Amino acid sequence: IEQQEERDASVAIGDNDVPHLPSAIPSNLSYRDFVSAADCADVNVLLLVMSSILFRSGNAHFRLKHFETACRDYSSAQSYQSIRTKALSNHGINESLVIEDAKLNGRVRNNMASALSKRQLYEEARAEYTKALQIKQSTLEALHKTTRQKGDSVKDMDDKNLVSDIASTFHNIGLLRLNCDEAAKAEKAFKQSL
């Protein structure tokens with residue numbers, strides 16, 4: 001499980017995709033109600049806070065070996081973030097905010113995959129690790145692209161943290177492959193983590 005818990009997750013969804021809404025949301029509210037409300041900056045920040053709290057709650061449940069509850073919290077964190085992201089996409093996007101959100105989204109996906117693996121839901125874990133890796137790698141590329149466009153250089157800490165996150169995900173994929181008796185693929189993932 002990744003220890004860095006900084007900011008909110010970012011999940012890009014299409015217009016027709018409706019994420020699972022957290023169980024705490026009253027049933028008389030629709031997904032579109034939340035997207036409309038998230039257009040307000042204050043509500044959008046609240047969604048960020050809720051997502052961050054749920055991520056940390058998932059991490060606490062993971063450490064307590066309550067893996068099903070951890071999965072529920074990670075899923076809810078992703079749902080709040082997807083609503084937030086949908087609203088942001090309607091108004092123009094702050095590149096640095098998107099990068100920070102994507103960093104955390106990669107961590108949420110990685111931690112969700114770890115919890116799924118602990119529950120022996122290996123195919124689901126594999127899919128989440130793949131998504132986490134894609135998010136982290138594209139975030140690193142976006143960070144480099146954004147800093148080049150601005151004429152800046154990538155901050156060493158940002159770069160090192162993202163590279164470390166990517167290595168962590170490759171390592172976790174290796175562990176998953178060992179659990180699935182795929183030694184050769186596990187070895188390849190472990191080598192990629194170095």
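What counts and how
- Residues numbered from 1 in each chain as written.
- Predicted model: local features only at pLDDT ≥ 70, side-chain atom pairs only at ≥ 80, totals over all residues.
- Heavy atoms only, no water.
- Phe/Tyr/Trp six-rings, centres within 6.5 Å; stacked < 30°, edge-to-face > 60°.
- Helix = DSSP H or I, 4+ residues; strand = E, 2+ residues; numbered from the N terminus.
- Buried < 20%, exposed > 50% of the residue type's maximum accessible area, 1.4 Å probe, protein only.
- Core = buried A, V, L, I, M, F, W, Y, C linked by side-chain atoms within 4.5 Å.
- Contact = heavy atoms within 4.5 Å.

Engineer: Which residues make up the packing of aromatic side chains, and what values do they have?
Structural biologist: By the definition in use, this model includes two aromatic pairs. On the numbers, 6.0 Å between centres and 45° between planes, the contact of F55 with Y74 is tilted. In this pair, F55 sits in helix α2 (residues 41–63) while Y74 sits in helix α3 (residues 67–89), placing the two residues 19 residues apart along the sequence. Residues F55 and Y74 agree in their burial class; the two are buried. Consider the rings of F62 and F67, whose centres lie 5.1 Å apart with planes at 70°: the pair is edge-to-face. Its relative accessible area of 16% is what places F67 among the buried residues.

Engineer: Can you break down the environment of L143 residue by residue, with the values?
Structural biologist: Among the structural elements, L143 can be located in helix α5 (residues 122–150). For the pair L143 and E100, spaced 43 residues apart in sequence, the C-alpha to C-alpha distance is 9.5 Å.

Engineer: Kindly report on the nonpolar core, identifying the contributing residues and their values.
Structural biologist: With 24 residues, the main nonpolar core has F62, Y74 and A115 as its most contacted residues. The dominant element in this core, judged by the number of residues it contributes, is helix α4 (residues 95–118), at seven residues. Beyond its immediate chain neighbours, meaning those up to four positions away, A115 contacts F62, F67, A70, C71 and Y74. If you look at the next biggest cluster of nonpolar residues, it comprises eight residues, including A38, L47, L54 and A77.

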